[in-house]
Amino acid sequence: MSLSDLLLLGQGQDLASERGVSCDGALPAASDPGLVQRAQVARAALGARAMILGHHYQREEVIQFADITGDSFKLAQAAAENSAAEYVLFCGVHFMAESADILTTPEQKVILPDLAAGCSMADMASATQVEDCWKALTKLGVANTTIPITYMNSTAAIKAFTGRNGGAVCTSSNAERAMSWAFSKGEKILFLPDQHLGRNTAVLKLGLDLSDCVLWNPWKPQGGLTDQEIKSAKVILWRGHCSVHGRFSLDNIAQMRAQVPGVKILVHPECQHEVVSNSDVVGSTEMIIKTIADSPSGSIWAVGTELNLVSRLAARFTDKRVLFLDKTVCYCSTMNRIDLPHLVWAMESLVSGRLVNRIQVESETAQFAKVALERMLALP
Ligand code: 13P
Ligand code: SF4
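Positions within a chain are numbered from 1, following the residues in the order the chain's sequence is written. Going through the entries in the order they are written, you letter the chains from A and number the ligands from 1. Local features in this predicted model are restricted to residues whose pLDDT is 70 or higher, and side-chain atom pairs enter the listing and the counts only when it is 80 or higher, whereas totals over whole chains, interfaces and linings include all residues. By convention in this description, side-chain values take in all heavy atoms of the structure and omit both hydrogens and water.

> Give me the lowdown on the nonpolar core, citing residues and values where you can.
Note on soluble globular proteins: their nonpolar side chains tend to be buried together. The term nonpolar core refers to a set of buried residues drawn from Ala, Val, Leu, Ile, Met, Phe, Trp, Tyr and Cys, joined through side-chain atoms within 4.5 Å. To sort residues, take the accessible area from a 1.4 Å probe on protein chains only and compare it with the maximum for the residue type: under 20% means buried, over 50% means exposed, and anything in between is partly exposed. Of all hydrophobic cores here, the largest spans 112 residues; its most connected members are Leu89, Ile149 and Phe191. What counts as a helix is a DSSP run of H or I of at least four residues, what counts as a strand is a run of E of at least two, and both are numbered from the N terminus. With eight residues, helix α15 (residues 340-351) is the largest single contributor of residues to this core. Here a residue-residue contact requires only that any non-hydrogen atoms of the pair lie within 4.5 Å. Contact partners of Phe191, with chain neighbours within four places excluded, come to Ile149, Cys170, Met179, Leu197, Gly198, Val235, Ile236, Leu237 and Trp238. Counting 20 residues, the second-largest nonpolar core is a separate cluster that includes Val130, Trp134, Leu137 and Ala143.

Written out as structure tokens, the structure is:
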């Protein structure tokens, strides 16, 4: 299909809102040799009506079409700041697209090219489980001095819970500021749903003791904790984790240091505490990129984060050595669901007047989730 054909198809047609429409049968074959050209044609046809946001963990074939690439914080900011694009195609995972929907205007439509791009960590805290936890904290008389902080990697319902109860969202790039802010408002933090980011920030950034943190297991009565453990804790960590970052181990670090003299270990704060504690640098995906970009030629880095990003860094910084910290392949399978066929399908559908895979958060949830997101965006 040529650019003019696509432009003609797009003219004067009302978009049929088909939330969650299936792309079965219509998905271009990954082997289609004209796929990149189809993407270019569809992108040009959409022009300024569309903005494509791409998280750093996206495949190379997808990220090349992103107008803005970034970590979760930068992409949330980009969504909040751009009110011009009618369509925001989010190349990332579901919770990111939800946040973009909440932060954009009601007229803008956020599209996730594959609805199966979820996040196992976000699924580890359901709204019912978190409400049950809050009821238990209320019964113990500590909820009124507890500030909930939820990692961006959570559903809109959890963000709404946080907004309703005086808390804020955080990302890996501002968790320290968010937790400091929370301690200026209350005595205790309920940190959802990533125990590792919560623990790493509390201990390594805020200087708390490991014993100040307790782990709330949502599958056990009262989180598996005694009244006293809850009352004396400063941080109640939710028992959630990232299955990708959870794989990096102390053994990986020991082997790397033994085999590669001069190597520096650079990891994401979703890694386990012992891994982060024994690394040289820790930071969000944006910070990981900046650290390598700013390092002198000849530096050697072993990076503990998702493999698409590490491969991109190795290809981009050829004057440095960028290694993957683990020996085994470690893609995020849900991030990887957004591939070029899905992006082409979503863009061509929009050009031809079909609104597909719209992510639209229910209005009351969006209202309270926005409170928590805006508290994050306003952090100093
Ligand atoms: P950041 O890009 O904010 O560091 O987040 C990493 C991540 O796991 C996103 O799912
Ligand atoms: Fe979720 Fe981990 Fe994948 Fe990020 S890398 S989307 S936290 S599973």
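So, next bit.
> Can you break down the sheet that holds strand β6 (residues 146-151) residue by residue, with the values?
One open sheet accounts for five strands, arranged β7-β6-β8-β10-β9; its pairing is parallel. Of all the strands in the sheet, the pair left with one neighbour each is β7 (168-170) and β9 (213-216). Ignoring strand direction, the axes of neighbouring strands in this sheet form an average angle of 25°. A strand pair is defined by DSSP finding two or more bridges across the two strands. In this structure, strand β8 (residues 188-192) lies alongside strand β10 (residues 235-238), joined through three bridges in parallel fashion. In the sheet register, Leu190 faces β10, and the bridge partner there is Ile236. The axes are straight lines fitted to the C-alpha atoms, using for helices just the contacting stretch, and the angles between their N-to-C directions are given from 0 to 180°. Packed onto the sheet, helix α7 (residues 156-164) meets β6, β7 and β8 and runs at close to 155° relative to β6. Packed on one face of the sheet, helix α9 (residues 195-205) meets β6, β7, β8, β9 and β10 and runs near 155° to β10.

> Tell me what's going on with the sheet that holds strand β11 (residues 264-267), and back it up with residues and numbers.
Two strands in a sheet stick together by hydrogen bonds in their backbones, pointing the same way (parallel) or opposite ways (antiparallel). Ordered by their spatial adjacency, four strands build an open sheet running β12-β11-β13-β14, and the pairing between neighbours is parallel. Unpaired on one side and paired on the other, β12 (281-282) and β14 (321-324) mark the two borders of the sheet.

> Tell me about the site of ligand 1, and name the residues and values.
Every one of the 14 residues lining ligand 1 counts as a neighbour, but His55, Ser172, His268, Glu270 and Thr285 are closest to it. The side chain of Ser172 places a nitrogen or oxygen atom 2.7 Å from an oxygen atom of ligand 1. Look at ligand 1: alone it shows 300 Å² of surface, and the protein chains cover 96% of it. For the shell around ligand 1, the residue count by class is five nonpolar, seven polar and two charged. Being near a molecule or strand, for a residue, comes down to having at least one heavy atom within 4 Å of it. Two N or O atoms form a polar contact when they lie within 3.5 Å of each other; inside protein one atom must be a possible hydrogen donor and the other a possible acceptor, and for residues adjacent in sequence the pair counts only when both atoms belong to side chains. For accessible areas, the Shrake-Rupley method is used with a probe of radius 1.4 Å. Any residue's cover is judged against the shown protein chains and nothing else. Just so you know the grouping, Ala, Val, Leu, Ile, Met, Phe, Trp, Tyr, Cys and Pro go in nonpolar, Asp, Glu, Lys and Arg go in charged, and all remaining residues, Gly too, go in polar.

> Could you give an account of unusual backbone geometry, with specific residues and numbers?
Positive phi, normally seen in glycine, also occurs at Gln222, with a value near 45°. Locating Gln222 in the fold gives a position in the loop between β9 and α10 (227-232). The phi dihedral of Asn357 falls on the positive side, at around 50°, and the residue is not glycine. The topology assignment puts Asn357 in the loop between β15 (354-356) and α16 (363-377). By relative accessible area, which is 3% here, Asn357 ends up buried.

> An account of the pattern of salt bridges is requested, with residue identities and associated values reported.
Should their charged atoms come close, side chains of opposite charge can pair. When a carboxyl oxygen of Asp or Glu is within 4 Å of a side-chain nitrogen of Lys or Arg, the pair counts as a salt bridge. The tally for this structure, following the rule as stated, stands at 13 salt bridges. We note a salt bridge from Glu86 to Lys109, for which the minimum N-O separation is 3.9 Å. Here Glu86, found in the loop between α4 (72-81) and β4 (87-91), pairs with Lys109, found in strand β5 (residues 109-111); they are 23 residues apart in sequence, far enough to count as distant. Note on Glu86: relative accessible area 29%, which makes it partly exposed. Residue Lys109 is classed as buried on the basis of its relative accessible area of 18%. Across the salt bridge formed by Arg257 and Asp280, the nearest N and O atoms sit 3.1 Å from each other. With Arg257 in helix α11 (residues 250-259) and Asp280 in the loop between α12 (273-277) and β12, this residue pair connects regions lying 23 residues apart in the sequence. Accessibility expressed as a relative area gives 35% for Arg257, which makes it partly exposed. Residue Asp280 is classed as partly exposed on the basis of its relative accessible area, which comes to 40%. Several salt bridges converge on common partners, so that one network encompasses Asp32, Arg38 and Glu348.

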